[in-house]
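# A closer look at the structure
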Amino acid sequence: MGTQEQPEAWRDENEERLRAFIESAPRKMWIARPDGTVEFFNREWRDYTGQSGTEGMLNWREAIHPADRPRLDEVRGRAVPLGQPYDVQVRLRRRSDGKHRWHIGRVSPVHLHGRLIAWIGAATDIDNRVRAEAALRESEANFRTMANAIPQLAWMRDPADYSIWYNQRWFDFTGTSMEQMQNDGWWTVIHPDHADLMLEAVTAARAEARSWEYTAPLRRRDGVYRWHLFRAVPIRDEAAGTITRWFGTSTDINEQREAQERQRLLTQEVSHRVKNSLALVAAQLSLQARASDNDDARSVLMDAYSRVLTIAGVHDHLWRQYDASFIDMSGFLHGLCRKLQETAPGHDLSFTGDRVIVPTDQAVPIGLVVNELVTNALKYAYPGDRGGPIRVTLRRDGEDAMILEVMDQGVGLPAGFDLSAPTKSLGMRLLVNTVRQINATVDAERLDPGTRFAVAIPVGRG
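Computed from a prediction, not measured in an experiment: that's the story for all the values here.

### Structural notes on the overall build of the chain
- Counting its regular elements, the chain contains 13 helices and 17 strands.
- Taken over the C-alpha trace, the chain has a radius of gyration of 45 Å; the compact-globule value for 462 residues is 23 Å, which it surpasses by more than 25%.
- Each principal axis of the C-alpha atoms in the chain carries an extent, and together these give about 155 × 50 × 35 Å.
- Taken across its 462 residues, the chain has 40% of its residues classed as buried.
- Sequence separation of at least 24 residues holds for 52% of the intrachain contacts in the chain that already meet a minimum separation of 6.
- Of the roughly 26,400 Å² of accessible surface on the chain, 52% is carried by carbon and sulfur atoms.
- The positive charge centre, built from 59 side chains, and the negative charge centre, built from 63, are 3 Å apart in the chain.

### Focus on the environment of His228
- On the secondary structure map, His228 appears in strand β9 (residues 225-236).
- Ignoring sequence-local partners within four residues, the contact set of His228 consists of Leu153, Phe173, Tyr214, Thr215, Ala216, Leu218, Ser250, Thr251, Asp252 and Ile253.

### Side note on helix α11 (residues 329-343)
- With 15 residues, α11 should cover 21 Å at 1.5 Å per step; its first-to-last C-alpha distance of 21 Å lies within 8% of that length.
- Of the positions making up α11, those classed as buried are Met329, Ser330, Phe332, Leu333, Gly335, Leu336, Cys337, Leu340 and Gln341.
- Near the N-terminus of α11, the side chain that reaches the backbone nitrogen of Ser330, with its oxygen 3.1 Å away, is that of Asp328.

### With respect to the sheet that holds strand β3 (residues 86-93)
- Strand order in this open sheet of 5 strands is β2-β1-β5-β4-β3, and the pairing throughout is antiparallel. What marks the edges here is a single partner per strand, and that holds for β2 (38-41) and β3. Sheet twist, expressed as the average angle between the axes of neighbouring strands with direction ignored, equals 25°.
- Where β3 lies against strand β4 (residues 100-112), 8 bridges are found, and the strand directions are antiparallel. By the bridge assignment for β4, Asp87 is matched with Arg106.

### What to know about the sheet that holds strand β14 (residues 389-396)
- Strand order in this open sheet of 5 strands is β12-β14-β15-β17-β16, and the pairing throughout is mixed. Two strands in the sheet have a free side with no partner beyond their single neighbour: β12 (348-353) and β16 (441-446). Recorded for the sheet is a direction-independent mean angle of 15° between the axes of neighbouring strands.
- Strand contacts of α11: β12, β14 and β15 (401-408), with the helix running at about 180° to β12, the strand carrying the most contacts.

### With respect to the nonpolar core
- Ranked by internal contacts, the top residues of the largest apolar core, which has 40 residues, are Met329, Leu333, Val392, Leu404 and Val455.
- Of all the secondary-structure elements, those providing two or more residues to this core are α11, β12, α12 (360-381), β14, β15, α13 (426-437) and β17 (451-458).
- Top contributing element to this core by residue count: α12, with 9 residues.
- If sequence neighbours within four positions are ignored, Val455 has contacts with Val369, Leu373, Met402, Ile403, Leu404, Val435, Ala440, Thr441 and Val442.
- Counting 22 residues, the second largest nonpolar core, distinct from the first, contains Tyr166, Val202, Ile243 and Trp246.

### Points about the packing of aromatic side chains
- The final tally for this structure, using the stated rule, is 9 aromatic pairs.
- For the pair Trp30 and Phe41, a centre-to-centre distance of 6.2 Å together with 45° between the ring planes defines the contact as tilted. Of this pair, Trp30 sits in strand β1 (residues 28-32) while Phe41 sits in strand β2, and the two are 11 residues apart along the sequence. With respect to class, Trp30 is no different from Phe41; both count as buried.
- Between Tyr166 and Trp170, the aromatic rings sit 4.9 Å apart at their centres with planes inclined by 40°, giving tilted as the arrangement. Side by side, Tyr166 and Trp170 carry an identical accessibility label, which is buried.

Cut-off values and rules
- Residues numbered from 1 in each chain as written.
- Predicted model: local features only at pLDDT ≥ 70, side-chain atom pairs only at ≥ 80, totals over all residues.
- Heavy atoms only, no water.
- Helix = DSSP H or I, 4+ residues; strand = E, 2+ residues; numbered from the N terminus.
- Rg over C-alpha atoms; globule rule 2.2 N^0.38 Å.
- Buried < 20%, exposed > 50% of the residue type's maximum accessible area, 1.4 Å probe, protein only.
- Contact = heavy atoms within 4.5 Å.
- Areas by Shrake-Rupley, 256 points an atom, 1.4 Å probe, with all protein chains shown as cover.
- Lys, Arg positive; Asp, Glu negative; His and termini not counted.
- Charge placed at Lys NZ, Arg CZ, Asp CG, Glu CD.
- Expected span 1.5 Å × (residues − 1).
- Polar contact = N/O pair within 3.5 Å; in protein donor to acceptor, adjacent residues only side chain to side chain.
- Pairing = 2+ DSSP bridges.
- Axes fitted to C-alpha atoms, helices over the stretch in contact; angles between N-to-C directions.
- Core = buried A, V, L, I, M, F, W, Y, C linked by side-chain atoms within 4.5 Å.
- Phe/Tyr/Trp six-rings, centres within 6.5 Å; stacked < 30°, edge-to-face > 60°.

This is the structure:
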């Protein structure tokens, strides 16, 4: 009798210990009979739901959100008869404010000597995680909706240049699949003449962790290539400062590029024709000058010939470059001085200068200024058949100005020379008026020997 009572007392004591442990546990827990009937809820459950011990055993389902009860019944109905553990997510009503919060319930069977004797369950609050995951899913859904709605082809790649995502427009345009983009790489749909150069430029930009853009033809699903402007920016982990992915877009610019090309060809053609027309006028002036018996008339005609050639030189320089809106004054003046040298083989005319980009409408008057100053030096600095050096220089003066200088080693300025005084010289009047037109200033300085003209010119902005 005594030996039989001892195991029963031991079992009763251990059951009390188990209940005491569950009662004090920092999470909602309960014990149920083998048939699933709940016979005990701990203090954490009672405090949270507001149900008393007896009430909880009878009405615990009232704490479950009504919409979650069918799912709970379905999961319990399958697991309990089989004695299998189960997990289920449900919302529990909190007594303090009546709000429902997401919990995950995990219920496990308890066996003794191979026989199911009870169930032990625990519910953990996962509301913050569930809501964060829902917010993330909504954010991702909104992003995908927006990314598929934009007119560009959009894509994301990881730091190792592995494809993460492309919007539907990319697949619709290229006719590719995500698997192809991951296995073959994006450069396979770039025109072969541009793929290697683009890949090189993109790799360099990624190595420097900077945004990049590139223009290249992209293959359409029918095999036709269309020009696209590719742009990509790095997305960083704000805390770590590291790049987590790259987001890029590809914009179809085929029509714009074709229009720009047509405009460029038209501009070049017009400039070329203007240049040829001016050259024809210059040739006529030259013929008239050579045929004239009047020295004064011949001099005037040759001056006009030189000025027309200068303007023709601007157009000749323009039609040879891609962008006719701006011009490199250094390259233009170098060519102009070379042409002026051809008309005066007895002189040594040279040009040196910094690279200065100016709007085209500013280049023409600057060319006329150089033409007048050089022509003046050729005519007056070295009288008779004398020859000598003439130096033209161009240098920057800060960010917003440049200094143009024309120097010779000739006889120097005549006595009483004053640029600001009225003069009968057509060349000097043209020089002063042209300088005023471009908001520049001109100074004349006597050298030993020779003369130096310095023109301070503000650099125009496009």
